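Close look at the chain arrangement
Take a look at the letters that make up each chain.
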Amino acid sequence: MDKYDVVVAGGGHAGIEAALATARLGLKTALVTLKKDTIGKMSCNPAIGGLAKGHLVREIDALGGEMAKIIDATGIHFKILNRSKGPAVWSPRAQADRLAYMKEAQRRVLSQENLTVIAGSVVGVRSHKTKVTGAILEDGSIIPCQALILTCGTFLNGKIHIGLNNLESGRAGEQAVKGLTENLIALGFETGRLKTGTPPRVHFDSIDFSKTQEQTPDNPPIPFSFQTEKIERQQLSCYITYTNEKTHEYLRSGLDRSPMYTGVIKGIGPRYCPSIEDKIVRFADKDRHQIFLEPEGFNNPEVYVNGFSTSLPADVQEKALRTVPGLEKCRIIRLGYAVEYDFFPSYQLKPTLETKLVENLYFAGQINGTSGYEEAAAQGLIAGINAAMKLLGRDPLILGRSEAYIAVLIDDLINKTILEPYRMFTSRAEFRLLLRHDNADLRLMEKGFRIGLLPEPVYEKMLKRREEISELMNWVSSKSIKPSEFNPYAEQIGSTTIVTPTPLSQIVKRPEVNLAKVLTHLEDYTLECAPETIAEVEFSIKYEGFLKRQEELVAKFKKMEHTIIPADIDYDQISSLSAESREKLKQVQPTSLGQAARISGVRQSDLAILMVYIEKHRHQKNVSRETII
């Protein structure tokens, strides 16, 4: 078997990003996947982005990843969500043509230099003195490698449930991966069991759309990738309908055959994406639940019944679906099902996503307890970059929570106890005013370029945008607007008129004022700025006070991050620590006081004790050094 620098196990969204990153950084890479023709398959919802997830996709793009470009090439319904709220929580989302997305992902992977795709299954890690030396395949062969990235999705001892029937499978129609969990346990890793699910798919021609609410896409659609000029693909509508009491009655009638409610499923499911049977039990006071009907492509008759994830028996699924307005005569193409799978709690990882137990072994995606394509892709990219950086003898990429949603994701994973599938939300990012989807390029492209994943012309374009923003900000800050320039516009929008020249920045602070429209009324405005530039400047002016407070918090946060915990610290020697804090600190092994503060179960009082200990340790070291001198 040929020797590779890096082996990536799994051809899902995490595996794609990891393999492309290492190959593009010049490392000979092998992507091992069960079937070559399922690389990039969207197992669940045929969509990319959404609340907070859209931020992840744009950050992946800014660092040089691929997901944004794939969805731009194959999306059929683009929409910016949360428009009714502040720009900090706006999030892009796009429905994909599911088959086109998969084919486009395969095209990019199969044409990548330095990347070889091998059909097979990794069932073990070969190591010497706790360092990776190879990947063990199902047929017993070994691929020698220096680094191994596991992105196994829901395939580790996967089991699919429909009613009380179940079969070993990681995804409908595909075999589970057996042996790898047991191999990792033998190496000393701890494991757990999680559950996720998917809804039925129904035939497009069997739906009565006249009984539903049409949801049209944005026009024009806004691309995900900073490298995409515009979306030219034809777009499709999605549709909304609702369950009703009759639906719930049929669903309740099947609970005695539900694998969730009869104890057949042991794994814990996602709190924020519950199955429909879980919804009617947990929210029994609600008389209806929203259902999104999402087409899966132009040449694909399947419609994804979003909001109706279920593992109930086939007869119950069919009866319940046909009580939903518009679905009275629906034909089910694929039943909904639940899938149970092994994962490895992510406190066993370093911030680089390298495991603490085995050197050059990396985990990314659902193996770490996350849910969602976007979370998986983000981890895959970071794991791929850091595996490459280590093998190339370069510094790792470790982002701070104030720099990216990707950092929030990884920081949460390694510091918090994951008891259920982790999903990204804007509320998890304490600095979300600074981390908007539209400024991901300004925040991260320099890192992507320095790493070597971002082309120079793309980086230069970002620098030009940054310069343009600065120029416009300076112009607006120095400009006063005359009553004759502003008052006609003010009367149009119901804003208070002015009687003397007023600083333009003061006018822009008004909630109802739109900077782009104001600029069209100014006699001496001659700059040629992109709409994105004007929007960036307007946001900076309107939210100036909030942004300043967040930046002050970031400074305090960084101070704690820079308080390094000695690598040789022995928590058992700090007798005043509480038992729970000591246990969590030993488990996670934080590298800074800031990281220690974010570990579940570590008390504030114990942080104060730890800070005193660190200062004392530093003082003793300095005294010892002076004595030697």
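Keep in mind that this is a model prediction, so the values were computed, not measured.

Things to note about the overall build of the chain
Within the chain, the secondary structure is distributed over 20 helices and 22 strands. At 26 Å, the chain has a C-alpha radius of gyration in line with the 25 Å of a compact globule built from 629 residues. Principal-axis analysis of the C-alpha atoms gives the chain an extent of 85 × 80 × 50 Å. Burial status across the chain gives 56% buried among its 629 residues. A separation threshold of at least 6 residues defines the contact pool for the chain, and within that pool the share at least 24 residues apart is 73%. Approximately 26900 Å² of the chain is accessible, and the part contributed by carbon and sulfur atoms is 51%.

A word on the pairing of strand β1 (residues 4-9)
For β1, the buried fraction is high: six of the six residues fall into the buried class. Note: β1 against strand β9 (residues 142-150), five bridges, orientation parallel. Opposite V6, over in β9, you have A147 as the bridge partner. Here four bridges tie β1 to strand β2 (residues 29-33), and the two strands are oriented parallel to one another. Across the sheet, the residue bridging to A9 is V32, located in β2. A crossover connection joins β1 to the parallel β2 through helix α1 (residues 13-24); in handedness this β-α-β unit is right-handed.

What about the side chain of S592?
You can see S592 is positioned in the loop between α18 (579-588) and α19 (593-597). For S592, a relative accessible area of 3% gives the class buried. Apart from residues no more than four positions distant in its own chain, S592 is found in contact with M560, E561, T563, I564 and I565.

Brief notes about the pattern of salt bridges
For the structure on display, the rule yields 49 salt bridges. Across the salt bridge formed by R24 and E66, the nearest N and O atoms sit 2.7 Å from each other. One end of the pair, R24, is in helix α1; the other, E66, is in the loop between α2 (53-62) and α3 (67-74), with 42 residues separating them in the sequence. The partly exposed category is assigned to R24, whose relative accessible area is 30%. Residue D61 is joined to K69 by a salt bridge in which the shortest nitrogen-to-oxygen separation is 4.0 Å.

Remarks on the confidence of the model for the chain
Residues at a pLDDT of 70 or more form 98% of the chain, whose mean pLDDT is 93. Under a pLDDT of 50 for its full length, residues 623-629 has, in the predicted model, zero contacts with residues more than four places off or in other chains.

Digging into the sheet that holds strand β5 (residues 91-96)
Spatial strand order, β3-β5-β4: three strands in an open sheet with antiparallel pairing. With partners counted over all chains shown, the strands left at the sheet margins are β3 (47-49) and β4 (75-81), one partner each. Along the sheet, successive strands turn relative to each other by an average axial angle of 15°, direction set aside. In this sheet, β5 lies alongside β3 in antiparallel orientation, the contact comprising three bridges. Among the inter-strand pairings, I48 is bridged to a residue of β5, identified as A94. The sheet strands contacting α2 are β3 and β5, and the helix crosses β3 at an angle near 80°.

Topic: the packing of aromatic side chains
Counted under the stated rule, the structure contains twelve aromatic pairs. Taking 5.4 Å as the distance between ring centres and 45° as the angle between the ring planes, the aromatic pair formed by F189 and F363 counts as tilted. Here F363 lies in strand β20 (residues 361-363) and F189 lies in the loop between α5 (180-186) and β12 (192-198), a separation of 174 residues in the sequence. When its relative accessible area of 3% is taken as the criterion, F189 is described as buried. The structure contains a cluster of three or more aromatic residues connected by ring pairs, namely F189, F344 and F363.

As for the environment of Q506
Within the element layout of this structure, Q506 appears in helix α14 (residues 504-508). The partly exposed category is assigned to Q506, whose relative accessible area is 48%. On a C-alpha basis, the gap between Q506 and S480 in space is 9.1 Å, while along the polypeptide they are 26 residues apart.

What to know about the packing of helix α9 (residues 373-391) against helix α10 (residues 405-415)
Helices that pack against each other are described as a pair by the angle of their axes relative to one another and the distance between those axes. Put simply, α9 and α10 touch, their axes get as near as 10 Å, and they point 90° apart. One way to sum up the angle between α9 and α10 is to call them roughly perpendicular. Facing E375, A378, Q379 and I382 of α9, the residues of α10 in contact are I406, L409, I410 and L413. Among the residues making up the contact of α9 with α10, the classes are represented as six nonpolar, one polar and one charged.

Looking at the sheet that holds strand β14 (residues 213-215)
Two orientations exist for strands paired in a sheet by backbone hydrogen bonds: parallel and antiparallel. Reading across the sheet, the six strands line up as β14-β15-β16-β17-β13-β18 and stay open at both edges, with antiparallel pairing between neighbours. Since the sheet does not close on itself, it has two edges, and those belong to β14 and β18 (332-334), each with one partner. Averaged over all neighbouring strand pairs, the angle between strand axes comes to 35°, with direction disregarded. In this structure, strand β16 (residues 290-295) lies alongside strand β17 (residues 302-306), joined through four bridges in antiparallel fashion.

Looking at the state of the cysteines
Note on terminology: disulfide describes a covalent bond linking the sulfur atoms of two cysteines. Summed over the entire model, instances satisfying the criterion amount to zero disulfides. Unpaired in terms of disulfides, C330 finds its nearest cysteine sulfur in C238, a separation of 17 Å.

Overview of α18
The complete set of buried residues in α18 reads S581, R582, K584, L585 and V588. A positive phi of about 55° marks Q589, the residue just after α18.

Looking at the pairing of β12
Among the seven residues of β12, five are classified as buried, and the element is accordingly described as predominantly covered. Of the strand pairs in this sheet, β12 and strand β19 (residues 337-343) are connected by seven bridges, and their pairing is antiparallel. Within the sheet, the bridge partner assigned to T196 lies in β19 and is V339.

What to know about the environment of V123
You can see V123 is positioned in strand β7 (residues 122-127). For V123, a relative accessible area of 15% translates into the label buried. Between the alpha carbons of V123 and V458 there is a distance of 40 Å; along the sequence they are 335 residues apart. Beyond its immediate chain neighbours, meaning those up to four positions away, V123 contacts I136, L137, E138, K178, G179, L180 and N183.

Cut-offs applied
- Residues numbered from 1 in each chain as written.
- Predicted model: local features only at pLDDT ≥ 70, side-chain atom pairs only at ≥ 80, totals over all residues.
- Heavy atoms only, no water.
- Helix = DSSP H or I, 4+ residues; strand = E, 2+ residues; numbered from the N terminus.
- Rg over C-alpha atoms; globule rule 2.2 N^0.38 Å.
- Buried < 20%, exposed > 50% of the residue type's maximum accessible area, 1.4 Å probe, protein only.
- Contact = heavy atoms within 4.5 Å.
- Areas by Shrake-Rupley, 256 points an atom, 1.4 Å probe, with all protein chains shown as cover.
- Pairing = 2+ DSSP bridges.
- Right-handed = clockwise from strand over helix to strand, strands pointing away.
- Salt bridge = Lys/Arg side-chain N within 4 Å of Asp/Glu carboxyl O.
- pLDDT = per-residue confidence, 0-100.
- Axes fitted to C-alpha atoms, helices over the stretch in contact; angles between N-to-C directions.
- Phe/Tyr/Trp six-rings, centres within 6.5 Å; stacked < 30°, edge-to-face > 60°.
- Parallel < 35°, antiparallel > 145°, perpendicular 65-115°, else oblique.
- Nonpolar A, V, L, I, M, F, W, Y, C, P; charged D, E, K, R; others polar.
- Disulfide = S-S within 2.5 Å.

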